Amino acid sequence: MKKVITYGTYDLLHVGHINLLRRARELGDYLIVALSTDEFNAIKNKKAYYSYEDRKTILEAIRYVDKVIPERTWDQKIQDVIENDIDIFVMGDDWKGKFDFLKDYCEVVYLPRTEGISTTKIKDDLQKRL
Ligand code: C2G
């Protein structure tokens, strides 16, 4: 069984997230999402609208996602890859090159982002409607 892992906040779920999850899952047979906790989001200077628990519930309902684990630090990826017997690490290409150190442990794939959509854009567009 080829196991894939990807990381993210996945707030205000949109087609960019779904496109990433679908392509990541299609690279193997099993997809784990390491979901940023609310505390880790603070470290990333992100404030998610939905709590970790709600973002986890939403992700677990997606057909492409087999398991959701917490992402608590920048430094857990090597351990996650080893502990979960991961074959492929996947991220959107806004992260291109940033996780190449994982190539010693698994395949590293950066997938093209979906243009024209982001959680930030959603928030900005809604703000303009107020
Ligand atoms: N994404 C995408 N297209 C978009 C928006 C996002 O392909 N239009 C991808 C991102 O490249 C990422 C995933 O969807 O692979 C999740 O995006 P975020 O929730 O913004 O994740 P991020 O904050 O970049 O977290 O340790 C890694 C970090 O936790 C990554």
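Thresholds applied
- Residues numbered from 1 in each chain as written.
- Predicted model: local features only at pLDDT ≥ 70, side-chain atom pairs only at ≥ 80, totals over all residues.
- Heavy atoms only, no water.
- Helix = DSSP H or I, 4+ residues; strand = E, 2+ residues; numbered from the N terminus.
- Rg over C-alpha atoms; globule rule 2.2 N^0.38 Å.
- Buried < 20%, exposed > 50% of the residue type's maximum accessible area, 1.4 Å probe, protein only.
- Near = heavy atom within 4 Å.
- Polar contact = N/O pair within 3.5 Å; in protein donor to acceptor, adjacent residues only side chain to side chain.
- Areas by Shrake-Rupley, 256 points an atom, 1.4 Å probe, with all protein chains shown as cover.
- 1 Å grid on protein atoms, 1.4 Å probe; cavity = no way out; pocket = protein on both sides within 12 Å on 5 of 7 lines; lining within 4 Å.
- Sits in = over half its atoms within 2 Å of the grid points.
- Nonpolar A, V, L, I, M, F, W, Y, C, P; charged D, E, K, R; others polar.
- Phe/Tyr/Trp six-rings, centres within 6.5 Å; stacked < 30°, edge-to-face > 60°.
- Points joined across faces, edges and corners; volume = space filled by probe spheres on them.

Draft legend 1. Inspection of the overall build of the chain at higher detail. Within the chain, the regular secondary structure consists of 5 helices and 5 strands. Counting from the amino terminus, the chain carries its helices and strands in the arrangement β-α-β-α-α-β-α-β-β-α. For 130 residues, the compact-globule estimate of 2.2 N^0.38 gives 14 Å, and the C-alpha radius of gyration of the chain, at 14 Å, lies within 12% of that figure. Along the three orthogonal principal directions, the C-alpha set of the chain runs to about 50 × 30 × 25 Å. Counting across all 130 residues of the chain, residues that qualify as buried make up 43%.

Draft legend 2. How the structure looks around the site of the ligand. Not every one of the 21 residues close to the ligand is listed here, only the nearest: K46, E71, D94, T114 and I117. Within the backbone of Y10, an N or O atom sits 2.8 Å from an oxygen atom of the ligand. Within the side chain of K44, an N or O atom sits 2.9 Å from an oxygen atom of the ligand. Across the complex, the protein chains shield 95% of the 640 Å² of accessible surface that the ligand would expose by itself. Comparing atom positions with the cavity grids shows the ligand to sit within the largest pocket. Those elements that provide at least two residues to the shell around the ligand are β1 (3-8), α1 (15-26) and β4 (88-92). Class assignment of the residues belonging to the shell around the ligand gives a composition of 7 nonpolar, 8 polar and 6 charged.

Draft legend 3. Summary view of the environment of G97. Relative to the helices and strands, G97 is located in the loop between β4 and β5 (107-111). When the C-alpha atoms of G97 and N41 are compared, they prove to be 21 Å apart, with 56 residues separating the residues in sequence.

Draft legend 4. Examining the packing of aromatic side chains more closely. With the rule as written, the count across this model stands at 7 aromatic pairs. Seen in terms of ring centroids, F40 and W74 are 5.0 Å apart; in terms of plane orientation they differ by 75°. Their pairing is edge-to-face. Separated by 34 residues along the polypeptide, F40 in helix α2 (residues 38-43) and W74 in the loop between β3 (67-71) and α4 (77-83) bring together distant segments of the chain. A residue is classified by how much of its surface remains accessible, and F40, at 0% relative accessible area, is buried. Each ring, one from F89 and one from F99, has its centre 5.3 Å from the other, and the planes form 65°; the classification is edge-to-face.

Draft legend 5. Local environment of the layout of surface pockets. If you add up the space inside the largest pocket, you get close to 670 Å³. Lining the largest pocket are 33 residues, with T9, H17, K46, D94 and R113 positioned closest to its centre. Elements that contribute at least two residues to the lining of the largest pocket include exactly β1, α1, β4 and α5 (119-128). In terms of residue count, the dominant contributor to the lining of the largest pocket is α1 (4 residues).

Draft legend 6. Region of the structure containing unusual backbone geometry. Positioned with a positive phi, Y10 is a non-glycine residue whose angle comes to about 50°. Within the fold, Y10 resides in the loop between β1 and α1. With phi around 50°, L12 is a residue other than glycine that occupies positive phi space. Inspection of the secondary structure assignment puts L12 in the loop between β1 and α1. Judged by its relative accessible area of 17%, L12 falls in the buried class.

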